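Observations on chain architecture
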Amino acid sequence: MKKQYLKILTDESYREVQPHGNIDFPFHYYYENVWEFDFHCIAWHWHREIEIIYVKEGNTSCCIATEKIDLPQGYGMFVNSKIMHRYEATQRNILPNIVFSPNLLGDAQGMIFNKFIKPIIESNINYIIFDPNIKWQNEILQILNSIFKLQKTNADYELKITAQLLDLWSILYNNLDLNDTRPRRDILSSSRLQIMMQYIHSNYKDPITLKDIADCVHVSKNSALQIFQKCIRISPFAYLILYRLARAAELLLSTNKNITTIATEVGFESAGYFCRKFKEHYRMSPSQYRSNRLS
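1. Thoughts on the overall build of the chain
- A tally of regular secondary structure across the chain gives ten helices and nine strands.
- In summary, the chain has a C-alpha radius of gyration of 21 Å against a globular reference of 19 Å for 295 residues, a match within 12%.
- Sorting the 295 residues of the chain into buried and exposed places 47% on the buried side.
- A fraction of 70% describes how many contacts in the chain between residues 6 or more apart in sequence connect residues 24 or more apart.
- Carbon and sulfur atoms form 50% of the exposed surface of the chain, whose accessible area is close to 15,300 Å².
- A distance of 5 Å separates the average location of the 34 positive side-chain charges in the chain from that of its 30 negative side-chain charges.

2. Re the nonpolar core
- Among the nonpolar cores identified, the biggest contains 38 residues, and Leu193, Phe228, Ile232, Tyr239, Phe274 and Phe278 are the most heavily contacted of them.
- For this core, the element with the most residues is helix α7 (residues 236-254), which contributes nine residues.

3. Notes on the side chain of His45
- With respect to the secondary-structure elements, His45 resides in strand β2 (residues 41-45).
- From its side chain, His45 meets the backbone oxygen of Ala43 in a polar contact 2.8 Å long.
- Discounting residues that sit within four places of it in the chain, His45 has contacts with Ile8, Thr10, Tyr14, Glu16, Glu51, Ile83, Met84 and His85.

4. Description of the sheet that holds strand β4 (residues 60-64)
- Strand order in the open sheet made by the four strands is β2-β7-β4-β5, with antiparallel pairing throughout. If you trace the sheet from one side to the other, it starts and ends with β2 and β5 (67-71), each paired once. Sheet twist, expressed as the average angle between the axes of neighbouring strands with direction ignored, equals 15°.
- Taken together, the five bridges between β4 and β5 define a ladder with antiparallel strand orientation. Counted as the bridge partner of Ile64 is Glu67 from β5.

5. Notes on the environment of Ala224
- Position of Ala224 among the secondary structure elements: in helix α6 (residues 221-232).
- Among the residues examined, Ala224 registers a relative accessible area of 0% and is labelled buried.
- The sequence separation of Ala224 and Ser189 amounts to 35 residues, and the corresponding C-alpha distance is 9.4 Å.
- Apart from the residues lying within four places of it in its own chain, the contact partners of Ala224 are Met196, Leu210, Ala214, Val219 and Pro236.

6. Regarding the sheet that holds strand β1 (residues 27-33)
- Taken together, five strands build an open sheet; the order of strands is β1-β8-β3-β6-β9 and the sheet is antiparallel. The sheet terminates laterally at β1 and β9 (127-130), the two strands that pair on one side only. Within the sheet, the average angular offset between the axes of one strand and its neighbour, ignoring direction, is 15°.
- Across seven bridges, the pairing between β1 and strand β8 (residues 94-100) is antiparallel. Bridging from a neighbouring strand, Tyr31 pairs with Pro96 of β8.

7. Quick word on the packing of aromatic side chains
- All chains considered together, the criterion is met by 15 aromatic pairs.
- Taken together through their ring pairs, the aromatic side chains of Phe268, Tyr273, Phe274, Phe278, Tyr282 and Tyr289 make up a single cluster.

8. Describing the packing of helix α2 (residues 135-149) against helix α3 (residues 157-175)
- With their axes 9 Å apart at the nearest point, α2 and α3 run at an angle of 165° to one another. When the axes of α2 and α3 are compared, the pair comes out roughly antiparallel. Of the two possible hands of crossing, α2 and α3 adopt the one that is left-handed. Residues Trp136, Glu139, Ile140, Ile143, Ser146 and Ile147 of α2 pack against Gln164, Leu165, Asp167, Leu168, Ile171, Leu172 and Asn175 of α3.
- The class makeup of the residues in the contact of α2 with α3 is eight nonpolar, three polar and two charged.

Definitions and cut-offs
- Residues numbered from 1 in each chain as written.
- Predicted model: local features only at pLDDT ≥ 70, side-chain atom pairs only at ≥ 80, totals over all residues.
- Heavy atoms only, no water.
- Helix = DSSP H or I, 4+ residues; strand = E, 2+ residues; numbered from the N terminus.
- Rg over C-alpha atoms; globule rule 2.2 N^0.38 Å.
- Buried < 20%, exposed > 50% of the residue type's maximum accessible area, 1.4 Å probe, protein only.
- Contact = heavy atoms within 4.5 Å.
- Areas by Shrake-Rupley, 256 points an atom, 1.4 Å probe, with all protein chains shown as cover.
- Lys, Arg positive; Asp, Glu negative; His and termini not counted.
- Charge placed at Lys NZ, Arg CZ, Asp CG, Glu CD.
- Core = buried A, V, L, I, M, F, W, Y, C linked by side-chain atoms within 4.5 Å.
- Polar contact = N/O pair within 3.5 Å; in protein donor to acceptor, adjacent residues only side chain to side chain.
- Pairing = 2+ DSSP bridges.
- Axes fitted to C-alpha atoms, helices over the stretch in contact; angles between N-to-C directions.
- Phe/Tyr/Trp six-rings, centres within 6.5 Å; stacked < 30°, edge-to-face > 60°.
- Parallel < 35°, antiparallel > 145°, perpendicular 65-115°, else oblique.
- Left-handed = near helix turned anticlockwise from the far one by under 90°.
- Nonpolar A, V, L, I, M, F, W, Y, C, P; charged D, E, K, R; others polar.

Put into structure tokens, the structure is as follows:
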């Protein structure tokens with residue numbers, strides 16, 4: 001039977017398209033094993049909602065913009081609104097997490113939101129690590145685990161979760177340095193990155209130069225390189241190759257086309273080069289990939 005791997009669904013700007021809760025209660029709890037996702041990672045994505053994770057089992061590598069943070073079992077992390085992130089695992093990894101809209105905590109036009117919520121989500125803070133050995137951070141982890149346990153109840157579910165989230169947010173607000181009023185450093189870079197990614201997604205079948213990619217956001221070739229390295233730590237050309245390989249992997253599983261045809265269709269000039277790059281990335285040849293996944 002064909003092995004089914006999980007995938008996160010995003011649009012071409014890498015914004016996650018999966019709704020988290022609903023308009024009446026924009027909150028969702030997930031209990032995930034990163035190891036079960038395609039290539040053992042929850043791929044790059046971002047969303048307007050806040051995300052808070054807890055490492056229940058194993059270790060997790062969290063990529064946040066330009067940084068890679070290794071979180072051991074028992075630690076947690078707050079990922080701010082609109083921040084590009086990715087999770088990786090080298091073994092079974094249990095990662096319960098919650099994703100919720102900041103508006104759940106207060107009306108966007110109200111005093112609570114503007115005084116206590118907006119300063120954090122619009123701050124220069126991309127993420128916060130929760131260490132169980134630090135008192136206030138451990139308090140947040142305890143509340144987080146209480147929220148997880150509430151998933152098994154029905155009565156007053158929404159009220160209890162909202163109350164717990166407000167307690168959590170109060171601890172967060174009172175322990176952060178919010179005096180840095182500079183705008184978040186990577187918003188402009190992230191916007192440009194997303195536009196360049198969209199350009200690659202739309203034109204990957206054709207020959208693309210670094211100048212083509214840079215021109216679509218009106219920056220220099222050097223600036224385009226810096227933006228990619230800053231946000232996802234690879235070059236535009238490396239990203240183009242990875243995107244072509246991902247499209248090729250889809251064709252290997254969804255069609256009976258031969259390797260040479262697939263290589264040409266996704267933009268590789270030669271089947272030999274395609275096979276070398278495919279094996280470097282997937283640790284197997286295109287033929288082996290097709291055979292293993294379809295067996």
